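Observations on chain architecture
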Amino acid sequence: MAAAADHATPTYDRMKEVKEFDESKIGVKGLAESGITSIPRMFIHSPETLSDLKKPNSQTCTKKNIPLIDLSHFNSPTKRHQLVDQIRDATSTWGFFQVINHGIPKPVLDETINAIKAFHDQPHEVKSKLYNRDNGKRGVVYSSNYDLYRAKAASWHDSLLVWMAPEAPRAKEEDIPEVCRKEIVAWESHSTKVAEALLELLSEGLGVEAEKFKNLGFLEGKLVVGHCYPYCPQPDLTVGITSHTDLGLTVLLQNQVGGLQVKHGDEWVDVEPIPGALTVNIGDFIQIISNDNYISVEHRVLAKASKEARISVLTFFNVGTIADSNYFGPLPELLSPDKPALYRKFTMPEFYENFNSKGLDSKSFVKKVRL
């Protein structure tokens, strides 16, 4: 009888599996290309997470659409106020919107997507030279699941991260992989111009000076991320990226493989890719300093059985330096006895520490500093 115990199923060691995956540096795409027909256990999410994922003919996701905004009237003296109203309405009710006529030529958009895809399509031995999980490491980094060791379950995506500002962690242009160097530099320049315009409109929507957000430093911190969500043999057991909120302002370019969903009330809404459009979302920092006039909402990406990988390119804009000792909180111009501050003040080190110390799906800073 005692001998039977020797054949008992060994206890699953998740950390061992995570460490082996991390040290292999092959990423999720490497797993997908290895011919696996089932995903490793470390990628399987809890029943609670999986229960509301969209299934065929499911009613869990509606056919609502996030707002679509035409930026062509940005410089119009007679129609700009309408644009301000549209941005304010979108950010106060959805936290997400898409923009067209944003000024970035379509060839630049196409070349950016193709370049990020080309990076992820490189052989393992090429990409692995950039693989790193050190949070203190900046410049150019390739990795899979930034929160791999902190999350309850891994998600089905790999990422190229390129710090474009501030100066201290900024990537040297020659350090960006040649396969996507020119395109990333061009995308960063163009997306910054779009962000600058959006920050003006967001400021005006609050009734403050157009340069307010820019003067706070929102264009001083810039991170370009190129995600790859490859084919997944069991998309119903995992997610492309878990539900989360962002930090500041995000400008997103995606290919035509869907999967992005936004939480609107109690519903998950698909963000349908529109050729030539960019997707914009508000992060926690802006919700706090706007004193809830603008909202930061949860969003996620589904894993897909599509043979074509989902490619997305994002520029994250946030107040520039992690060492900034200034205190931030709701803008004083927005406060009155009838509209008191909803949040306490905080420093950027506290803000970033919260982001870097938790899994992506459990890091809401809004809840932490709400009064």
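Per chain, the residues get numbers from 1 upward, laid out in the order the sequence is written. Where local features are concerned, this predicted model is filtered to residues with pLDDT of at least 70; where side-chain atom pairs are given and counted, the filter is 80 or more; whole-chain, interface and lining totals use all residues. The basis for every side-chain value is the complete set of heavy atoms in the structure, and neither hydrogens nor water enter the calculation.

Topic: the sheet that holds strand S4 (residues 140–143)
- For two strands to be treated as a pair, DSSP must find at least two bridges joining them. The secondary structure listing takes helices from DSSP runs of H or I that are at least 4 residues long and strands from runs of E that are at least 2 residues long, numbered from the N terminus. Taken in spatial order, the eight strands line up as S2-S3-S11-S8-S13-S6-S5-S4 in an open sheet, and their pairing is mixed. Only two strands of the sheet have a single neighbouring strand rather than two, namely strand S2 (68–70) and S4. On average, adjacent strands in this sheet sit at an angle of 25° to one another, irrespective of strand direction.
- Only heavy atoms enter the contact rule, under which two residues are in contact if any of them lie within 4.5 Å. Only the contacting stretch of a helix is used when fitting its axis, a line to C-alpha atoms as for every element, and angles between N-to-C directions run 0 to 180 degrees. Packing of helix H5 (residues 106–120) onto the sheet brings it into contact with S4, strand S5 (158–165), strand S6 (221–229), strand S8 (249–254), strand S11 (278–282) and strand S13 (310–318), and relative to S13 it is tilted by some 110°.

As for helix H7 (residues 181–205)
- To estimate the expected span of a helix, count its residues, drop one, and scale the result by 1.5 Å. Compared with the 36 Å implied by 1.5 Å per residue over 25 residues, the 36 Å span of H7 between its first and last C-alpha is a close match.
- Immediately downstream of H7, the backbone of Gly 207 shows phi near 80°, a positive value.

Things to note about the nonpolar core
- In terms of nonpolar packing, the biggest core is built from 89 residues, with Ile 184, Trp 187, Leu 198, Leu 249, Leu 278, Phe 285 and Phe 346 touching the most fellow members.
- Examining the composition of this core, we find that nine residues originate from one element, H7, more than from any other.
- For Phe 346, the contacting residues outside a window of four places in its chain are Phe 285, Ile 288, Asn 326, Tyr 327, Phe 328, Gly 329, Phe 351, Phe 365 and Val 369. Working definition of a nonpolar core: buried Ala, Val, Leu, Ile, Met, Phe, Trp, Tyr and Cys residues. They are joined through side-chain atoms within 4.5 Å. A simple rule labels every residue: compare its accessible area, found with a 1.4 Å probe on the protein chains alone, to the largest value its type can have, and call it buried under 20%, exposed over 50%, or partly exposed in between.

Looking at the pattern of salt bridges
- A side-chain nitrogen of Lys or Arg and a carboxyl oxygen of Asp or Glu constitute a salt bridge if their distance falls within 4 Å. Scanning the model with the defined rule gives 18 salt bridges in all.
- Notably, a salt bridge pairs Arg 370 with Asp 292, separated by 3.2 Å at the nearest N-O pair. Within this pair, whereas Arg 370 is found in the segment after helix H11 (365–369), its partner Asp 292 is found in the loop between helix H9 (284–289) and strand S12 (299–302), the two being separated by 78 residues in sequence.
- Relative accessible area serves as the criterion here: at 26%, Asp 292 is assigned to the partly exposed category.

As for the pairing of strand S10 (residues 267–270)
- As judged from the four bridges shared by strand S9 (residues 260–264) and S10, these two strands associate in the antiparallel manner. Residue pairing for S10: Lys 263 is matched across the bridge by Trp 268.
- The loop that links S9 with its antiparallel partner S10 comprises two residues; one of these, Gly 265, has a positive phi angle of about 65°.

Topic: the packing of aromatic side chains
- Only rings of Phe, Tyr and Trp enter the pairing, Trp through its six-membered ring, and a pair is recorded when the two centres are within 6.5 Å. The plane angle decides the type: under 30 degrees is stacked, over 60 is edge-to-face, the rest tilted. Using the criterion set out here, one finds 14 aromatic pairs in the structure.
- The interplanar angle of 85° and the centroid separation of 5.4 Å between the aromatic rings of Phe 285 and Phe 351 together place this pair among those described as edge-to-face. Of this pair, Phe 285 sits in helix H9 while Phe 351 sits in helix H10 (residues 348–356); the two residues are 66 residues apart in sequence, bridging distant segments of the chain. Assigned by exposure class, Phe 285 and Phe 351 land together as buried.
- Through pairs of rings, three or more aromatic residues link up here, namely Phe 213, Phe 218, Phe 285, Phe 328, Phe 346, Phe 351, Tyr 352 and Phe 365.
- Over the aromatic face of Tyr 146 sits the side chain of Arg 150, whose NZ or CZ is 4.9 Å from the ring centroid.
- In this arrangement the basic side chain of Arg 300 is found over the ring face of Trp 268, its NZ or CZ atom lying 3.9 Å from the centre. Whether a charge sits over a ring comes down to the Lys NZ or Arg CZ being within 6 Å of the ring centre and within 35 degrees of the ring normal.

As for unusual backbone geometry
- For Asn 101, which is not glycine, the phi torsion reads 50° and is therefore positive.
- Residue placement: Asn 101 occurs in the loop between strand S3 (96–100) and H5.
- Look at Asn 101 and you get partly exposed, because its relative accessible area is 48%.
- Although it is not a glycine, Asp 292 sits at a positive phi angle of roughly 75°.

Section: the side chain of Thr 315
- Locating Thr 315 in the fold gives a position in strand S13.
- Owing to a relative accessible area of 0%, Thr 315 belongs among the buried residues under this scheme.
- Here Trp 187 takes part through its side chain, which lies 2.8 Å from a polar atom of the side chain of Thr 315.
- The residues touching Thr 315, leaving out its near neighbours within four places in the chain, are Trp 187, Ser 191, Leu 223, Val 224, Leu 249, Thr 250 and Val 251. Polar contacts, as used here, are pairs of N or O atoms within 3.5 Å; protein pairs need one atom able to donate a hydrogen and one able to accept it. Residues neighboring in sequence count only if both atoms are side-chain atoms.

Looking at the packing of helix H4 (residues 80–93) against H7
- Axis separation between H4 and H7 bottoms out at 9 Å; the angle between their running directions is 85°. Here H4 lies roughly perpendicular to H7, going by the angle between them. Residues Arg 80, Leu 83, Val 84, Ile 87, Arg 88 and Thr 91 of H4 form the contact with H7, whose participating residues are Leu 198, Glu 200, Leu 201, Leu 202, Glu 204 and Gly 205.
- Put simply, Ala, Val, Leu, Ile, Met, Phe, Trp, Tyr, Cys and Pro go in the nonpolar bin, Asp, Glu, Lys and Arg in the charged bin, and everything else, Gly too, in the polar bin. The residue inventory of the contact of H4 with H7, partitioned by class, reads six nonpolar, two polar and four charged. Orientation is classified from the angle alone, with under 35 degrees giving roughly parallel, over 145 giving roughly antiparallel, 65 to 115 giving roughly perpendicular, and any other angle giving oblique.

A few points about the side chain of Ser 143
- Looking at the element boundaries, Ser 143 is found in strand S4.
- Look past the residues within four positions of Ser 143 in its chain and what remains in contact with it is Tyr 131, Asn 132, Arg 133, Asp 158, Ser 159 and Leu 161.

So, the pairing of S9
- Of all five residues in S9, four are buried; the element is thus mostly enclosed.
- Bridge count between S9 and S12: three bridges; the pairing is antiparallel. If you follow Val 262 over to S12, its bridge partner there is His 299.

The analysis is restricted to geometry; functional conclusions fall outside its scope.
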